[in-house]
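Residue-level structure breakdown
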Amino acid sequence: MMQRSLSASTSAEQEAPSTEGASTSDKRLPRIAIFASGSGSNFQAIVDAAQADPQHFGAVVALLVCDKPGAYVLERAKAAGIQSAVYTPKQYENRELYEQDLLQRLQAEGIEWIVLAGYMRIITHVLLEAYPGKMMNIHPSLLPSFPGLHAVKQALDYGVRVTGVTVHLVDAGMDTGPILAQHVVQVEAGDTEESLSDRIHAIEHGLYPAVICDVLAGRLAPIRV
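In this report, we go over the structure that sits alongside the text.

What counts, and where the lines are drawn
Residues numbered from 1 in each chain as written. Predicted model: local features only at pLDDT ≥ 70, side-chain atom pairs only at ≥ 80, totals over all residues. Heavy atoms only, no water. Helix = DSSP H or I, 4+ residues; strand = E, 2+ residues; numbered from the N terminus. Buried < 20%, exposed > 50% of the residue type's maximum accessible area, 1.4 Å probe, protein only. Contact = heavy atoms within 4.5 Å. Areas by Shrake-Rupley, 256 points an atom, 1.4 Å probe, with all protein chains shown as cover. Phe/Tyr/Trp six-rings, centres within 6.5 Å; stacked < 30°, edge-to-face > 60°. Axes fitted to C-alpha atoms, helices over the stretch in contact; angles between N-to-C directions. Parallel < 35°, antiparallel > 145°, perpendicular 65-115°, else oblique. Left-handed = near helix turned anticlockwise from the far one by under 90°. Polar contact = N/O pair within 3.5 Å; in protein donor to acceptor, adjacent residues only side chain to side chain.

This part covers the overall build of the protein chain. Regarding its fold elements, the protein chain presents eight helices and seven strands. By the burial criterion, 48% of the 225 residues in the protein chain qualify as buried. Residue pairs at least 24 apart in sequence account for 65% of intrachain contacts in the protein chain once pairs closer than 6 positions are excluded. Of the roughly 11300 Å² that the protein chain leaves accessible, carbon and sulfur atoms contribute 52%.

Per the counting criterion, the structure on display carries four aromatic pairs. For the pair Tyr 87 and Tyr 98, a centre-to-centre distance of 5.8 Å together with 80° between the ring planes defines the contact as edge-to-face. Pair noted here: Tyr 87 is in the loop between strand 3 (84–86) and helix 5 (95–108) and Tyr 98 is in helix 5, with a separation of 11 residues, a long-range link. Note on Tyr 87: relative accessible area 2%, which makes it buried. Cluster of aromatic residues (ring-pair linked, three or more members): Tyr 87, Tyr 92 and Tyr 98.

Close contact between helix 7 (residues 151–158) and helix 8 (residues 193–216) brings their axes to 10 Å; oriented N to C, the two are set at 120°. Considering their axes alone, helix 7 and helix 8 lie oblique with respect to each other. Handedness of the crossing formed by helix 7 with helix 8: right-handed. The residues of helix 8 that touch helix 7, namely those facing Val 152, Lys 153 and Leu 156, are Glu 193, Leu 196, Ser 197 and Ile 200.

Among the structural elements, Gln 83 can be located in the loop between helix 4 (73–80) and strand 3. The spacing of Gln 83 and Leu 64 is 19 residues in sequence and 6.4 Å in space, taken between C-alpha atoms. A polar atom in the side chain of Gln 83 sits 3.0 Å from the side chain of Arg 105.

What follows is about unusual backbone geometry. The omega angle of the peptide bond from Leu 143 to Pro 144 is 15°, so this bond is cis rather than trans. Take Pro 144: it is sitting in the loop between strand 5 (135–139) and helix 7. The backbone of His 150 shows a phi angle near 55°, a positive value even though the residue is not glycine. Considering the arrangement of structural elements, one finds His 150 in the loop between strand 5 and helix 7. Phi is positive for Asp 175, close to 60°, though the residue is something other than glycine. If you trace the backbone, Asp 175 turns up in the loop between strand 6 (162–169) and strand 7 (179–186).

What follows concerns the environment of Leu 180. When you line up the elements, Leu 180 lands in strand 7. Accessibility expressed as a relative area gives 8% for Leu 180, which makes it buried. Expressed as a C-alpha distance, the spacing of Leu 180 and Val 167, which sit 13 residues apart in the sequence, is 5.5 Å. For Leu 180, the contacting residues outside a window of four places in its chain are Met 136, Val 167, His 168, Leu 169, Val 211, Val 215, Leu 220, Ala 221 and Pro 222.

Read these as geometric descriptors, not functional statements.
Now the structure itself:
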């Protein structure tokens, strides 16, 4: 059996969040965890919106969950005063054991919503059953077109005139959950994967925090579930 002690409980990144300056009303807001694997630009956009006006945003970003030790998003979390839980999934026998360990941490932190922001792993039933309808993801295409990895390259290779961004609830499939919001991005002549990705990311950074805010406030729900 794998030693569970290799989980986030040993991570040096887990520092207790500072409560200095937090108002009593802020502490009553729902607590969300952001899952990220890379540079964390969407993580930063969400944190900026949440910390600028917690009451309007409707939640507190309480935890970063990262499955890539050394990812730049950990530096962003540290700068924002948000505690991090760092995991190495390959040290577990299977995905379910990994998520069971992760779930214990989420429950200990009182996490009510999960937001995936560049988290490059398929979610298993362990978390899906613990957070039914309370897990969101963002994807750089107009789903159901171009799910999975390299969505921008898929769109360019196919030759579409428009692509975009989709925010959706997470289910057991790959980018198949109920759609919450979409935004169209034009594909321009001469676009490269990098240039198109840059424009898509710019849309994501505004759209994702706004959708999270609307979902938490009960103003937005999928048209079809």
